[in-house]
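# Coordinate inspection notes
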Amino acid sequence: MTDSRRQYLIDTEPFYRPAGAEIAQFEAAWSRRLPVMLKGPTGCGKSRFVEHMAWRLGQPLITVACNEDVTASDLVGRYLLDADGTRWQDGPLTVAARIGAICYLDEIVEARQDTVVAIHPLTDHRRVLPLDKKGELVRAHPDFHLVISYNPGYQSLMKDLKQSTKQRFTGLDFDYLPAEAEASIVAAEGGIETALAARLVDVAAKARALKGHGLDEGASTRLLVYAAQLIAAGMSPPDACAMAMVRPLTDDPDIRATLAHAIDLAFA
């Protein structure tokens, strides 16, 4: 294995608890190098799943956190000035295509449309990446695999993916796990007892019930792990919940009061 591939390998197994058949389904898509779209709410395990699959398959992983400032040049590459003049610098998508890595574009819908269009030639039978500024056509390495994710729950219609992009991908749906399974994850990741983690999950259920009724998103599994880690560090459960599961979600005093009441009930 070349050094360029080795530097993107994940050495230790990322903790991941399957919710269904997603591991086998991803492996089937990877075996045919079919692009995969992961859809689900924030903090439900999409990124951890990709890390786990890269480790499981022994493949390098290159992750790009997309936002509205990410341009096509940021993904593909650009000419840079240095002491010797100009030189070409490959972007992460081009690096992944050259070395045969899994390229994970997180929250792809946040990127500009011209950025999204740049991935199209890599997502069909052509598997090529035109570098127009350089006058080069990069043919993807046989192991190159493209994975994207997004949360379809809060984007406006103006920011949703176009059908011309969606229909280039296979899809996997993600959601928060059932309470018992989620509690086991929070306990393992946060370093607390499962019974205590179950109380955090109960508070999260109350927060998630407010989605669309004052909250854009409920408390994610990630926030539950944060709360658990604060408790493991010595903070009281109510204070940990307020810090990790209430203040990041909302500034609305009525919603905060509702969540505080749920916390009091959970830890009475």
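For the structure, check the block above.
Numbering of residues starts from 1 in each chain and follows the order in which that chain's sequence is written. Thresholds applied to this predicted model are a pLDDT of at least 70 for local features of residues and 80 or more for the giving and counting of side-chain atom pairs; totals over whole chains, interfaces and linings are not thresholded and use all residues. Hydrogen atoms and water are omitted, and side-chain values are computed over all heavy atoms in the structure.

### Re the packing of helix α9 (residues 194–208) against helix α11 (residues 237–246)
Every axis corresponds to a line fitted to the C-alpha atoms, with the helix fit spanning only the stretch in contact, and the corresponding angles, defined between N-to-C directions, vary from 0 to 180 degrees. The helix and strand labels rest on DSSP assignments: H or I over at least four residues marks a helix, E over at least two residues marks a strand, and numbering proceeds from the N terminus. Their axes nearest at 12 Å, the elements α9 and α11 cross at an angle of 45 degrees. Considering the angle they form, α9 stands oblique to α11. The handedness of the crossing between α9 and α11 is right-handed. Contacts between α9 and α11 involve Leu196, Leu200, Val203 and Ala204 on the former and, on the latter, Pro237, Cys241 and Met245. Between 65 and 115 degrees an angle is taken as roughly perpendicular, under 35 as roughly parallel, over 145 as roughly antiparallel, and anywhere else as oblique. Crossings are classed by handedness, with left-handed meaning an anticlockwise turn of the near helix from the far one by less than a right angle and right-handed meaning a clockwise turn. We call two residues in contact when some of their heavy atoms are within 4.5 Å.

### Examining unusual backbone geometry
Here the phi dihedral of glutamate 107 falls at roughly 55 degrees; this positive angle occurs in a residue that is not glycine. With respect to the helices and strands, glutamate 107 occurs in the loop between β5 (102–106) and α6 (113–117). Here the phi dihedral of arginine 127 falls at roughly 50 degrees; this positive angle occurs in a residue that is not glycine.

### A look at the layout of surface pockets
Put simply, the largest pocket is a space of about 640 Å³. Put plainly, a pocket is an open set of points on a 1 Å grid over the protein atoms alone with protein on both sides within 12 Å along at least five of seven lines, a cavity is a set where a 1.4 Å probe fits but cannot get out, and a lining residue has an atom within 4 Å of a point. Lining of the largest pocket is provided by 33 residues; of these, Gly43, Cys44, Gly45, Lys46 and Arg48 occupy positions nearest its centre. Mapped by element, the contributors of at least two residues to the lining of the largest pocket are α2 (22–31), α3 (46–57), β5, β9 (170–173), α8 (179–190) and α10 (221–232). At five residues, the largest contribution of residues to the lining of the largest pocket is made by α10. Of the residues that constitute the lining of the largest pocket, the class distribution is 13 nonpolar, eight polar and twelve charged. Grid points are joined across faces, edges and corners, and a volume is the space filled by probe spheres set on the points. One number sums up the size of the second largest pocket: a volume of about 200 Å³. In terms of lining, the second largest pocket is formed by Ala72, Ser73, Val76, Gly77, Trp88, Ala118, Pro121, Leu129, Pro130, Leu131, Asp132 and Lys133. Throughout this entry, Asp, Glu, Lys and Arg are counted as charged residues, while Ala, Val, Leu, Ile, Met, Phe, Trp, Tyr, Cys and Pro are counted as nonpolar. The remaining residues, Gly among them, count as polar. Of the residues that constitute the lining of the second largest pocket, the class distribution is eight nonpolar, two polar and two charged.

### Let's talk about the side chain of arginine 33
Positionally, arginine 33 belongs in the loop between α2 and β1 (36–39). Polar contacts, as used here, are pairs of N or O atoms within 3.5 Å; protein pairs need one atom able to donate a hydrogen and one able to accept it. Residues neighboring in sequence count only if both atoms are side-chain atoms. Of note is the side chain of arginine 33, whose polar atom sits 2.9 Å from the side chain of aspartate 143. Those residues in contact with arginine 33 that lie beyond four places of it in its chain are Arg127, Pro142, Asp143, Phe144 and His145.

### Some details on the packing of aromatic side chains
Each pair of aromatic rings taken from Phe, Tyr and Trp, with Trp reduced to its six-membered ring, is defined by centres within 6.5 Å and is described as stacked if the planes are under 30 degrees apart, edge-to-face if over 60, and tilted in the remaining cases. Under the criterion given, the structure shown has four aromatic pairs. Connected via pairs of aromatic rings, a cluster forms that spans Tyr16, Phe26, Phe49 and Phe174. The ring of tyrosine 176 carries arginine 208 above its face, with NZ or CZ at 3.8 Å from the centroid. Comment: the charge-over-ring label is applied if NZ (Lys) or CZ (Arg) is within 6 Å of the ring centre and within 35 degrees of the ring normal.

Purely geometric numbers; function is a separate question.
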